[in-house]
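Examining the three-dimensional arrangement
For reference, the chains in residue letters:
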Amino acid sequence: PYERARAVMRYPETGRDLIIGLKHVDRTEAASHLAGWMARAGAPLPDEADLLVPVPLHLFRLLARRLNQAALLAKVLARLTEVSAAPDAVVRRRATPPRVGLSPAARAGNGRGAFAEAKSRLSRI
């Protein structure tokens, strides 16, 4: 169940260029900085976590970006927090439109039904 969240920075003010660089310009070196900030901003949440599970990309989006940035962040965060990451624990069942420009209500419905647990990973989840 989703109970809490933490933010590293305000997206429009500081984070946009870092995130866009990581997602679309192969600035993978940003992952170590972002994961470090996530570990600090999220403390003590990792102490209570059993597993880090990043959101998977649809195959076409993965091919366009060449890597799943959420999985990269989860792997780096796992090393920093000593909480295991399972990038393959969730599968994407269908493509979803980009969330850029969507209202909060549209964002909430955007991913509904798009994800499922990976049956091969149920014992770990």
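This text gives an overview of the structure that appears in the document.

The rules behind these values
In this convention, every chain numbers its residues from 1, walking through the sequence in written order. Only residues with pLDDT of 70 or above have their local features reported here, since the model is predicted, and side-chain atom pairs are shown and tallied only from 80 upward, although totals for entire chains, interfaces and linings are computed over all residues. Hydrogens and waters are ignored; side-chain quantities use all the structure's heavy atoms. Helical segments are the DSSP runs of H or I of at least four residues, strand segments are the runs of E of at least two, and each set is numbered from the N terminus. A radius of gyration in this sense is built from C-alpha atoms; the matching globule rule multiplies 2.2 Å by the number of residues raised to 0.38. For every residue, the accessible area obtained with a 1.4 Å probe (protein chains only) is divided by the maximum for its type, and the residue is called buried under 20%, exposed over 50%, and partly exposed between those limits. A positive count includes Lys and Arg, and a negative count includes Asp and Glu. His and the chain ends are not counted in either. To locate a charge, take NZ of a lysine, CZ of an arginine, CG of an aspartate or CD of a glutamate. Here a polar contact is taken to be a pair of N or O atoms separated by no more than 3.5 Å, where protein atoms must pair a possible hydrogen donor with a possible acceptor and residues adjacent in sequence count only if both atoms sit in side chains. Contacts between residues were defined by any pair of non-hydrogen atoms, one from each residue, lying within 4.5 Å. Think of a nonpolar core as a cluster: buried Ala, Val, Leu, Ile, Met, Phe, Trp, Tyr and Cys residues, connected wherever their side-chain atoms sit within 4.5 Å.

**Quick word on the overall build of the protein chain**
Scanning the protein chain for helices and strands turns up six helices and two strands. Moving toward the C terminus, one meets the helices and strands of the protein chain in the order α-α-α-α-α-β-α-β. For 125 residues, the compact-globule estimate of 2.2 N^0.38 gives 14 Å, and the C-alpha radius of gyration of the protein chain, at 15 Å, lies within 12% of that figure. Seen through its principal axes, the protein chain has C-alpha atoms that stretch 40 × 30 × 30 Å. For the protein chain, the proportion of its 125 residues judged to be buried stands at 30%. Side chains of the protein chain carry 21 positive and 11 negative charges; the gap between the two charge centres is 8 Å.

**Description of the side chain of N110**
Within the secondary structure layout, N110 lies in helix α6 (residues 104-110). You can call N110 buried: its relative accessible area is 8%. At 3.1 Å, the side chain of N110 and the backbone oxygen of P97 are in polar contact. When near neighbours in sequence (up to four residues on either side) are disregarded, N110 contacts R94, T96, P97, P98, R99 and L102.

**As for the nonpolar core**
In terms of nonpolar packing, the biggest core is built from 14 residues, with L22, L34, A35, L52, L73, L77 and A85 touching the most fellow members. Broken down by secondary-structure element, the contributors of at least two residues to this core are α2 (30-42) and α5 (69-81). Residues in contact with A85, not counting those within four places in the same chain, are L51, L52, A74, K75, A78 and R124.

This is a description of form; function is not addressed.
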